[in-house]
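Chain and residue survey
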Amino acid sequence: MEFNLSAGAFAAEQKFMPLDGKTVYDVMILGGGPAGLTAAVYCMRKGVSTAMIVKRVGGQVAETSGIENYMGYRYINGMELAEKFREQVLQFGIAYEEGPGVRSVEQGAVKKIALDDGRTFSARTIIVATGKSWRKLDVPGEDEFLGKGVAYCATCDAPFFAGKDVIVAGGGNSGVEAAIDLAKIARKVILVQFLDNLTADRVLVDGLGRFGNVEILLGHEIKAITGDSAVRAVSAADRKTGVRREIAADGIFIEIGLVPNTSPFRGVVDLNDAGEILIDCACKTSAPGIFAAGDVTSVPFKQIIIAGGEGAKAALSACEYLLRDAAR
Amino acid sequence: MPLFDDKVKNQLSDILKNIRDKVTIVYATQEFECNTCRDTHSFVDEIAALNPNIGLEVYDFVKDRQKLEPWKIDKVPAIALLDKDRSDTGIRFYGIPGGYEINSFIQALIETSGRREPLPDALAQRVAAVKKDVHIQVFISLTCPYCPPAVSTAHRLALENRNIRADMVESTTFIHLAQKYGVQGVPRIIINETHSLEGAHPMPAFLDVIEKL
């Protein structure tokens, strides 16, 4: 039996403090993935007063089973790496809180950060490192059947589809990985891909090809998810002919990539066409004193090691800004 | 063979140094132990061996039915946590808390032992105001990284207010129960049979539902 223990979460020597609504922090870091946590270490070492609001430690890293391209570790499990990052942050007396979501941010010499739970905090600079979350299909039935056949996490929910017919939406890496997980236990897996080819890595596509119970439907767009108390069918249209077909299924796993978590920052910082926060090579956004790092930004290639490096850069830029600000 | 390898065992015994007051694990099983009962039995044995402030009492679901009665344990394998006064916390784990769920188990032990951050005032007042009997069941799978926070939130509610009971239910061990509640994704949170939440939610979302009961 495996135990995915987050040892760091329980460390006795944690020094972090609760966030204080009356303090004006030098830096407020939003997000606790590799970018945010690296930024925190840099800020604390620089000696600026730092606060950090984290929705989920590790972000996408914590959901990844195995990581083989983060230097220093030939192989490490995602949860373990995330915990190591966090441990390195919590040795400092940083103001730290886990759980709450950010509602909005107000620009100014002192910036205001409003949380979903109604509290407000202030800081001279902000580092946005809120990452990305699952992209939705945006079709009828998707919200209605969430948890009743509509799923986004194959490792979490695959066991409920043993012996059943299930659809996977998406032919990228996450879609093909989900299809492989499901093919091991489901009766039948139908992978529906929008494009005319699978875009997943070759090793994954080859892996999927070894299963006899997988059907692949290319060039189709999912239009609706229907059912009664649970999902019963999915309607998909051929993108060339427009012909629609009903595919009977007990569930659908939606694995069509990610969207940046930028809703609290709309109208405050400029975004690109993909909805990512536009930054320059020093992690500056269009708003003075607001910096951004990691997957939420326009920087190409979403990788742990890149996000970490960007977090360091954003922290150093923020510290530089504070120095200049103080000199003025 | 022990369930915990040396690395996990050392990490756990380090973490469990945070235990403050005595905690008693009540473990309910049956004479002819099912596979998961056996594993869960080893699990509680190995945990209890790690710290002198963790007590363990093992009961048989059939023979000790009367003793189990006050704890309302209705299926096995079951774990209940009692505080330093042997008072029932309302915290239950049905099925083995392995995989990611080890985290919610350890957190429950430490919080039951009296070491916990106080809730923000406004939240504490809302929790204290719950006067009805509330039964929260959080269905999980052991491979779900989002599940432990949902379980811990439910358990914390139980710890703060004795009108609230909170169960972790491992969906594949109690497949019929999972089917009864139409669980097809985890975490799925059932509150008093009548209300439900999909996914991991923060404490205010639990309270929003509880206040409507």
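Residues numbered from 1 in each chain as written. Chains lettered and ligands numbered in written order. Predicted model: local features only at pLDDT ≥ 70, side-chain atom pairs only at ≥ 80, totals over all residues. Heavy atoms only, no water.

1. Describing the overall build of chain B
The number of helices and strands found in chain B is eight helices and eight strands. In summary, chain B has a C-alpha radius of gyration of 16 Å against a globular reference of 17 Å for 213 residues, a match within 12%. The C-alpha extent of chain B, read off along each of the three principal axes, is 45 × 35 × 35 Å. Buried positions account for 58% of the 213 residues belonging to chain B. For chain B, long-range pairs separated by at least 24 residues make up 71% of all intrachain contacts whose partners lie at least 6 apart in sequence. Taken as a whole, chain B presents about 9,200 Å² of accessible surface, with 51% of it coming from carbon and sulfur. (Helix = DSSP H or I, 4+ residues; strand = E, 2+ residues; numbered from the N terminus. Rg over C-alpha atoms; globule rule 2.2 N^0.38 Å. Buried < 20%, exposed > 50% of the residue type's maximum accessible area, 1.4 Å probe, protein only. Contact = heavy atoms within 4.5 Å. Areas by Shrake-Rupley, 256 points an atom, 1.4 Å probe, with all protein chains shown as cover.)

2. Overview of the side chain of Ser 104 of chain B
All names here are of chain B. For Ser 104, the position within the fold is in helix H4 (residues 102–112). Residue Ser 104 is classed as buried on the basis of its relative accessible area, which comes to 0%. Here Glu 101 takes part through its side chain, which lies 2.7 Å from a polar atom of the side chain of Ser 104. If we skip the residues at most four places from it in the chain, Ser 104 touches Phe 93, Pro 148, Val 151 and Ser 152. (Polar contact = N/O pair within 3.5 Å; in protein donor to acceptor, adjacent residues only side chain to side chain.)

3. Some points on the side chain of His 220 of chain A
Residues and elements named next belong to chain A. Tracing the backbone shows His 220 in strand E14 (residues 220–227). Under the relative-accessibility criterion, His 220 is labelled buried at 6%. A distance of 2.8 Å separates a polar atom in the side chain of His 220 from the backbone oxygen of Leu 218. Look past the residues within four positions of His 220 in its chain and what remains in contact with it is Val 192, Gln 193, Phe 194, Ala 236, Ala 237, Asp 238, Arg 239 and Arg 245.

4. A few points about the sheet that holds strand E10 (residues 150–151) of chain A
All names here are of chain A. On the basis of which strands lie adjacent, the open sheet formed by five strands has the order E10-E17-E11-E12-E13 and parallel pairing. Each end of this open sheet is capped by a strand with a single partner; those strands are E10 and strand E13 (214–217). With two bridges joining them, E10 and strand E17 (residues 251–254) adopt parallel strand pairing. If you follow Ala 151 over to E17, its bridge partner there is Phe 253. (Pairing = 2+ DSSP bridges.)

5. Structural notes on the interface of chain B and chain A
Residue-level contacts link 33 residues of chain B with 29 residues of chain A. Taken over both partners, the interface formed by chain B and chain A buries close to 2,600 Å², and the fraction arising from carbon and sulfur atoms is 63%. For the chain B face of the interface with chain A, the top three residues by lost area are Tyr 100, Tyr 146 and Gln 184 of chain B, together amounting to 28%. Run the count over chain B and chain A and you get one salt bridge. For the salt bridge of Glu 80 of chain A with Lys 7 of chain B, the shortest nitrogen-to-oxygen distance reads 3.0 Å. Remark: the boundary between chain B and chain A carries nine residue pairs in polar contact (both at pLDDT 80 or more). Only helix H1 (6–15) and H4 of chain B provide two or more residues apiece to the side of chain B that touches chain A. Partitioning the side of chain B that touches chain A into residue classes produces 18 nonpolar, 13 polar and two charged. (Buried area = accessible area lost by both parts, 1.4 Å probe. Salt bridge = Lys/Arg side-chain N within 4 Å of Asp/Glu carboxyl O. Nonpolar A, V, L, I, M, F, W, Y, C, P; charged D, E, K, R; others polar.)

6. Quick notes on the nonpolar core
Counting residues in each nonpolar core, the largest one holds 105 residues, and the members touching the most others are Phe 43, Ile 47, Ile 106, Leu 109 and Ile 136 of chain B. For this core, the leading source of residues is helix H6 (residues 147–160) of chain B, giving seven residues. Residues within four places of Phe 43 of chain B in sequence aside, it is in contact with Phe 3 of chain A together with Leu 3, Phe 4, Ile 79, Ile 96, Pro 97, Ile 102 and Phe 105 of chain B. By size, the runner-up hydrophobic cluster in this structure holds 64 residues, among which are Ile 76, Val 269, Ala 292 and Leu 322 of chain A. (Core = buried A, V, L, I, M, F, W, Y, C linked by side-chain atoms within 4.5 Å.)

7. Focus on the packing of aromatic side chains
Under the counting rule described, the total for this entry stands at 14 aromatic pairs over all chains. Centroid distance Phe 291 of chain A to Tyr 321 of chain A: 6.0 Å. Interplanar angle 75°. Geometry classified as edge-to-face. Taken together, the positions of Phe 291 of chain A in strand E19 (residues 290–292) and Tyr 321 of chain A in helix H6 (residues 304–327) put the pair 30 residues apart, joining distant regions of the chain. A relative accessible area of 2% means that Phe 291 of chain A is categorised as buried. An aromatic cluster is built from Phe 3 of chain A together with Phe 4, Phe 43, Phe 93 and Phe 105 of chain B, whose rings are joined through pairwise contacts. Cation over ring: Lys 75 of chain B sits above Tyr 94 of chain B, and NZ or CZ is 4.0 Å from the ring centre. The side chain of Lys 75 of chain B reaches across the aromatic face of Phe 174 of chain B, ending 6.0 Å from its centre. (Phe/Tyr/Trp six-rings, centres within 6.5 Å; stacked < 30°, edge-to-face > 60°. Lys NZ or Arg CZ within 6 Å of the ring centre and 35° of its normal.)

8. Things to note about the sheet that holds strand E3 (residues 78–82) of chain B
Residues and elements named next belong to chain B. Strand order in the open sheet formed by eight strands is E2-E1-E3-E4-E6-E5-E7-E8, and the pairing between neighbours is mixed. Whereas interior strands pair on both sides, the edge strands pair on one side only; in this sheet they are strand E2 (54–60) and strand E8 (195–198). For this sheet, the mean angle separating the axes of adjacent strands, direction not counted, is 20°. Pairing geometry for E3 and strand E4 (residues 88–94), over four bridges, is antiparallel. Considered in E4, the bridge of Ala 78 is made with Tyr 94. Against the sheet, H4 touches strand E1 (23–29), E2, E3 and E4, its axis set at about 170° to E4. (Axes fitted to C-alpha atoms, helices over the stretch in contact; angles between N-to-C directions.)

9. Let's talk about the environment of Lys 164 of chain A
The topology assignment puts Lys 164 of chain A in the loop between helix H3 (154–157) and strand E11 (165–169). Once the C-alpha coordinates of Lys 164 of chain A and Val 203 of chain A are considered, the two residues, 39 residues apart in sequence, prove to be 26 Å apart. Leave out the neighbours within four places in its chain, and Lys 164 of chain A touches Ala 186, Arg 187, Lys 188 and Asp 250 of chain A together with Gln 184 of chain B.

10. A closer look at the pattern of salt bridges
Tallied over the entire structure, the rule returns 33 salt bridges over all chains. In this structure, Glu 83 of chain A engages Arg 86 of chain A in a salt bridge whose closest nitrogen and oxygen atoms are separated by 3.9 Å. Separated by three residues within a single helix, Glu 83 of chain A and Arg 86 of chain A lie in helix H2 (residues 78–90), roughly one turn from each other. Put simply, Arg 187 of chain A and Asp 165 of chain A hold a salt bridge, and the shortest N to O gap is 2.9 Å. One end of the pair, Arg 187 of chain A, is in the loop between helix H4 (173–183) and strand E12 (188–192); the other, Asp 165 of chain A, is in strand E11, and 22 residues separate them in sequence. A relative accessible area of 54% places Arg 187 of chain A in the exposed class. Exposure remark for Asp 165 of chain A: the relative accessible area of 14% places this residue in the buried category. Residues joined in a network through salt bridges with shared partners are Glu 111, Arg 116, Arg 156 and Glu 160 of chain B.

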